[in-house]
Protein chains: 2
Amino acid sequence: MKRKVDYSICLVTDRGLMSAPTIELAVQSAINGGCTLVQLREKNASLREFFEIAQRVKTVTDDHGVPLIINDRLDIALAVGADGVHVGQSDIPARIVRNLVGADMILGVSASNLAEAIAAVEAGADYIGAGALFATGTKTDTNLVSMEELRKIRYGISIPIVVIGGINTQNARLLKATGVDGLAVVSAVIGAPDIESAARELKTAFEG
Amino acid sequence: MKRKVDYSICLVTDRGLMSAPTIELAVQSAINGGCTLVQLREKNASLREFFEIAQRVKTVTDDHGVPLIINDRLDIALAVGADGVHVGQSDIPARIVRNLVGADMILGVSASNLAEAIAAVEAGADYIGAGALFATGTKTDTNLVSMEELRKIRYGISIPIVVIGGINTQNARLLKATGVDGLAVVSAVIGAPDIESAARELKTAFEG
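Now for a look at the structure at hand. No experiment lies behind these values; they were computed from the predicted model shown. (Residues numbered from 1 in each chain as written. Chains lettered and ligands numbered in written order. Predicted model: local features only at pLDDT ≥ 70, side-chain atom pairs only at ≥ 80, totals over all residues. Heavy atoms only, no water.)

## Some thoughts on the overall build of chain A
Rules: By definition, any uninterrupted DSSP run of H or I lasting at least four residues is a helix, any uninterrupted run of E lasting at least two residues is a strand, and each is numbered from the N terminus. Using C-alpha atoms as the atom set, the radius of gyration is obtained and then compared with a globule rule of 2.2 Å times the number of residues to the power 0.38. Burial here depends on accessible area, computed with a 1.4 Å probe over protein chains only, as a share of the maximum for the residue type. Under 20% is buried, over 50% is exposed, and the range in between is partly exposed.
Counting secondary structure elements, chain A contains nine helices and eight strands. Taking 2.2 N^0.38 as the reference for a compact globule, 208 residues should give roughly 17 Å; the C-alpha atoms of chain A span a radius of gyration of 16 Å, in line with that estimate. Each principal axis of the C-alpha atoms in chain A carries an extent, and together these give about 40 × 40 × 35 Å. A buried classification covers 56% of the 208 residues belonging to chain A.

Spelled out as structure tokens, the structure:
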């Protein structure tokens, strides 16, 4: 049976920005600070490296009962037995992924407008990654989602929504007010000098 | 049950080198010329593009009863229901792939020496892609396999061996004499002005 997922603070990894010496330590610190979900994103690793990193990170997330989601790579998600996979609009279609992974694996789908969000729900997504909300240095090939569009998405679908793109403690409360279920963060946590504190402050800002 | 595979002439695709207007047409011509196996290799496509190309190519290979193998991407292989997947030494470990795909899917593993070939057999490979045999423009991050090493691999393992890397009608007969089961070709077929004739000539040279 599918587990109940706390989507509130999702750490998205980026080795390039990382302030910790290893990705396992970064993930460990973020979880200590209250991160509830980890999405492993590797754009430049070979498949073998990605696989090995995913195995090591899974040891950390499993130890803490935090779900591990693999970005883009269904094969890696299956190979390491991850809790879920997150796909974008230019990846394998969500409906095909859902058919391959079965009902129990968490499936996240990126959406930048209501039509994509509705299509994702129909394809079997468990949650929507809506973004990018604000301009960000970690993902430049993306369109911004206006607050107006985010509200439309929130009214239009009933599955959890995690927002991504330029999220920080300053805008966390504003986003909470739109009724989203969680924040996905890259640089604001994994790039912070103190990852644990950064995660804790973001959680406080979102829940506060 | 696993089908019997004719490994003799394996077309490896490369859209960059292709002389045909579409990859489906290139594959169709190669099959008309006697190609017995198609390995779809896409290094620069988005996942969605790769998925769509793979679906279209599969229509052609299915029509002719020619197995379709996906290079590297287990997720694409699963998503389109390909006949097999081919992994290299820097991809997800072959043993993990075998566990994920089950016994029936064809699993090819690249090996550039006897130790890698034996490990691949132990991991459950159905065939070995041995190479690169000769210097080639289509894959530059690779070590050459000497004829001596190829003979060692042939004596050391009993599963089919397909050689790759700079294969053409000139060296095809020499390679046949080493006891390999097939030739995998990229530019010599897909880059030829007449793909069908190129495949036919290679087949004749190999089977001679």
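## Some details on the relation of the copies chain A and chain B
As a reminder, the rule being used: Here the copies are superposed with least squares, the fitted atoms being C-alpha atoms of residues at a pLDDT of at least 70 in both. Residue contacts are counted whenever heavy atoms from the two residues lie within 4.5 Å of one another.
Its rotation angle being 180°, the transformation that places chain A on chain B also includes 0.0 Å of axial translation and leaves an RMSD of 0.0 Å. On the angle and the small slide along the axis, the relation comes out as a two-fold axis. Measuring from the rotation axis to each C-alpha of chain A, the shortest distance belongs to Asp-75 of chain A, at 2.4 Å. Both copies contact each other with a shared surface, as 100% of the interface residues of chain A are interface residues in chain B too.

## A short note on the packing of helix α1 (residues 23–32) of chain B against helix α2 (residues 47–64) of chain B
All names here are of chain B. What counts here: All axes are obtained by fitting lines to C-alpha atoms, using only the stretch in contact for helices, and the reported angles, taken between N-to-C directions, cover 0 to 180 degrees. Roughly parallel means an angle under 35 degrees; roughly antiparallel means over 145; roughly perpendicular covers 65 to 115; every other angle is labelled oblique. Should the near helix be turned anticlockwise from the far one by less than a right angle, the crossing is termed left-handed; should it be turned clockwise, right-handed. Just so you know the grouping, Ala, Val, Leu, Ile, Met, Phe, Trp, Tyr, Cys and Pro go in nonpolar, Asp, Glu, Lys and Arg go in charged, and all remaining residues, Gly too, go in polar.
The contact between α1 and α2 brings their axes to 9 Å, and the two run at 20°. The orientation of α1 relative to α2 falls into the category roughly parallel. When the axes of α1 and α2 are compared, the crossing they make is right-handed. Between α1 and α2, the contacting residues are Ile-23, Glu-24, Val-27, Gln-28, Ile-31 and Asn-32 on the first element and Ile-53, Arg-56, Val-57, Val-60, Thr-61 and His-64 on the second. Across the contact of α1 with α2, the residue classes tally to six nonpolar, four polar and two charged.

## What to know about the sheet that holds strand β6 (residues 127–131) of chain A
All names here are of chain A. Quick note on the threshold: The pairing criterion is simple: DSSP has to find at least two bridges between the two strands.
An order of β1-β2-β3-β4-β5-β6-β7-β8 is seen for the eight strands of this closed barrel, with the pairing classed as parallel. Mean inter-strand twist for the sheet, computed between neighbouring axes without regard to direction, equals 25°. The strands touched by helix α2 (residues 47–64) are β2 (37–40) and β3 (68–71); relative to β3, the strand with the most contacts, the crossing angle is about 160°. Packed on one face of the sheet, helix α5 (residues 114–123) meets β5 (106–111) and β6 and runs near 160° to β5.

## As for the interface of chain A and chain B
Threshold: Buried area is understood as the total, over both parts, of accessible area removed when two parts are fitted together, assessed with a 1.4 Å probe. What makes a salt bridge here is a side-chain nitrogen of Lys or Arg within 4 Å of a carboxyl oxygen of Asp or Glu, nothing more. Distance and chemistry together define a polar contact, namely a pair of N or O atoms within 3.5 Å, with one atom able to donate a hydrogen and the other to accept it when in protein, and with adjacent residues in sequence counting only for side-chain atoms on both sides.
Taken together, the 19 residues of chain A in the interface contact 19 residues of chain B. Carbon and sulfur atoms make up 68% of the area that chain A and chain B hide from each other, which totals about 1700 Å². Of all residues in chain A, Arg-48, Asp-75 and Ile-92 of chain A give up the largest surface area on contact with chain B, accounting jointly for 31% of the area buried on that side. Inspection of the chain A/chain B interface yields two salt bridges. Between Arg-73 of chain A and Asp-75 of chain B there is a salt bridge; the shortest N-O distance is 3.9 Å. Between chain A and chain B we count eight residue pairs in polar contact (both at pLDDT 80 or more) in total. If you list the elements that add at least two residues to the side of chain A that touches chain B, you get α2, α3 (74–80) and α4 (94–101) of chain A. Here the side of chain A that touches chain B gets five residues from one element, more than from any other, and that element is α3 of chain A. Across the side of chain A that touches chain B, the residue classes break down as ten nonpolar, four polar and five charged.

## Topic: the packing of aromatic side chains
Residue and element names in this part refer to chain A. Filter applied, for reference: Between the rings of Phe, Tyr and Trp (Trp by its six-membered ring), a pair exists once the centres lie within 6.5 Å; its type follows the angle of the planes, with under 30 degrees stacked, over 60 edge-to-face, and the other angles tilted. In our convention, an over-ring charge means Lys NZ or Arg CZ found within 6 Å of a ring centre and within 35 degrees of that ring's normal.
For the structure on display, the rule yields two aromatic pairs over all chains. With a centroid separation of 4.9 Å and an interplanar angle of 45°, the aromatic rings of Tyr-7 and Tyr-127 are classed as tilted. Of this pair, Tyr-7 sits in the segment before β1 (9–12) while Tyr-127 sits in strand β6; the two residues are 120 residues apart in sequence, bridging distant segments of the chain. For the pair formed by Tyr-7 and Tyr-127, the shared burial category is buried. Over the ring of Phe-206 we find Lys-176, and its NZ or CZ is 4.6 Å from the ring centre.

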